[in-house]
Amino acid sequence: MSGGTSKLEATYTRALGAYPRRWRREQGEELIGVLLSVARSEQRTTATPAELFNLVGNGLATRGLELLGSVGRKRRNGLAFTATVLATYLAVTLTLLGEWGPWVRPGTLRWRPTGEGFSEELMAMGPFTTAAAAVYLALLAGFAATLAGRHSLRRTLYLSAAVAAPLIPLSGQVAGLLAPSLVPMLALSALALLALVGNPAPTASRRMLLAAVTAGASLAGLALAVSRLTGGAALFFYDVSSGIAVDARTLTTAAAALMLTVGMVLVSGPRALPWTAGLAVAAVPLLIRLWSGNTAELLLAGLRLPLTAAAHWEWAFLVLALAVAALASGTRRLARARGLRTV
Amino acid sequence: MREPTFLVLSALADGPKHGYALIAETKDLSDGRVKLQPGTLYGVLDRLREDGLVEISGEDVVDGRARRYYRITDGGAATLAREADRLAANARQAMSKLRLRAAQAGA
């Protein structure tokens, strides 16, 4: 083997580090053989940047697929179902509250998204307030494609939304136009990608369920958001430093926290499940607080509970969650020990 | 079906081939338009094997390195035939429209 070839082989071997170990063990040598054959046919002794970029990209994609493959198809479908519901609910809510509702249009406003440093001249997106409307519309069209069973169109729309979402705040900064901040757009991007890890509606009955859950979540979420905005003097919906209870940041953070909680339970193996389920229950107070602001506290105060109970109700959840987790884990161990004894 | 997948299945339709031969054959089949990177080829082969459209048919050793041969399965051949029919029907429609356009321009 010449020095040039061994150097080239070392370069390819390093790039192959992007692939999972198991894949490298099974096919790494074979792929390096093909890479060396191609280089020989082109009389090269060095790797091309395109070749290395392609190897690393495919290696990382293989890693991602392997990770997803370790999560069963049904669980992936569950993840995709949750992400589709949340992405659609956010697209509906953000379009109506941030982009299109009569309350955010110049001249007819009760609440306006214009804050300090922004004027209505900066809202140059036709009937919409910001270019983020394109992302929301792509997500809504992706939902329609899901219900219609148009998988290829669904994939294209969700991928476009996932790529475009983080670019909107950046382009807004460059062009000096009003745009949502990066965090809500990153959350939307992640939800759009998660919606693609499985098929949220593989059967007609699941499609009905998806439509019903999404419609329910969107209407309830929208009603809650609008009811909490009533009486506000001014709304700057996309302000990063906004102190108001409902804006793009709080709504997307709440949805992302719910997605994280559901995802954690769905990807858990049998051994970790009691603990992740316990953590999910412990996260309920946080989720309620994120979703409803202080509405839950006001309700509890209305129930005339003792002051200590009303102020520290989340601790009850924590204790309950840990007790359930310990009980479930203990029962499982006991069942396993009994099973071993009877064998 | 994406073009690289279609070309790989087409290249395997007349017999088993190894990785490097597949790169050369897909380039020939596309008149030099598609030059698959090895990383892309193995991504396509992974997906096709997972879907049961392609399988490993044998292995030999060249220059001290294992070289696998891949062959199309019956399911893979049926999928390729369906895709080829679809593309042919699309091409027929397009040609018919173009002929109509040419006739209208000539009239």
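Structure's up top.
Values in this document were obtained by computation on a predicted structure and should not be read as measured data.

Undergrad: What is the right way to look at the pairing of strand S2 (residues 54-62) of chain B in this model?
TA: It is a general feature of regular strands that their side chains alternate between the two faces of the sheet. With 8 bridges joining them, S2(B) and strand S3 (residues 65-72) of chain B adopt antiparallel strand pairing. Bridge pairing in S3(B) links Glu55(B) to Arg71(B).

Undergrad: What's the story with the side chain of Thr146(A) in this structure? I'm lost.
TA: Residue and element names in this part refer to chain A. With respect to the helices and strands, the residue Thr-146 is situated in helix H5 (residues 132-148). In this structure Thr-146 comes out as buried when scored by relative accessible area, which is 3%. In this structure, Thr-146 is in contact with Arg-154, Tyr-158, Pro-200, Arg-207 and Leu-210, ignoring residues within four places of it in sequence.

Undergrad: Can you help me understand the layout of surface pockets in this one?
TA: The gaps left among the atoms become clear once a water-sized probe is rolled over them. The volume enclosed by the largest pocket comes to roughly 2300 Å³. Along the wall of the largest pocket there are 43 residues; nearest its centre are Leu65(A), Arg76(A), Arg155(A), Arg47(B) and Glu50(B). Secondary structure elements with two or more residues in the lining of the largest pocket: helix H2 (21-41), helix H3 (49-69), helix H4 (73-100), helix H6 (151-175) and helix H7 (182-194) of chain A together with helix H1 (3-12) and helix H3 (38-50) of chain B. Per-class residue counts for the lining of the largest pocket are 15 nonpolar, 15 polar and 13 charged. Shared between two domains, the lining of the largest pocket takes at least three residues from each, and those domains are domain 1 (2-69) and domain 2 (72-237) of chain A.

Undergrad: Help me understand the pairing of S3(B), please; the structure alone is not making it clear to me.
TA: Residues and elements named next belong to chain B. Taken together, the 2 bridges between strand S1 (residues 17-18) and S3 define a ladder with antiparallel strand orientation. For His-18, the partnering residue across the bridge sits in S3 and is Tyr-69. Between the antiparallel neighbours S2 and S3 lie 2 residues, among them Asp-63 with a positive phi of about 55°.

Undergrad: Honestly, H6(A) in this entry has me stumped. Any pointers?
TA: In an α-helix there are 3.6 residues to a turn, and that puts residues three or four apart on one side. Over its 25 residues, H6(A) runs 35 Å from end to end, which matches the ideal 36 Å to within 8%, given 1.5 Å per residue. The axis of H6(A) is deflected most strongly, by about 35°, at Ile168(A), and proline Pro169(A) appears within four residues downstream.

Thresholds, definitions, all that
- Residues numbered from 1 in each chain as written.
- Chains lettered and ligands numbered in written order.
- Predicted model: local features only at pLDDT ≥ 70, side-chain atom pairs only at ≥ 80, totals over all residues.
- Heavy atoms only, no water.
- Pairing = 2+ DSSP bridges.
- Helix = DSSP H or I, 4+ residues; strand = E, 2+ residues; numbered from the N terminus.
- Buried < 20%, exposed > 50% of the residue type's maximum accessible area, 1.4 Å probe, protein only.
- Contact = heavy atoms within 4.5 Å.
- 1 Å grid on protein atoms, 1.4 Å probe; cavity = no way out; pocket = protein on both sides within 12 Å on 5 of 7 lines; lining within 4 Å.
- Points joined across faces, edges and corners; volume = space filled by probe spheres on them.
- Nonpolar A, V, L, I, M, F, W, Y, C, P; charged D, E, K, R; others polar.
- Domains from an automatic or database assignment.
- Expected span 1.5 Å × (residues − 1).
- Bend = angle between axes of the 7 residues up to and from the residue.

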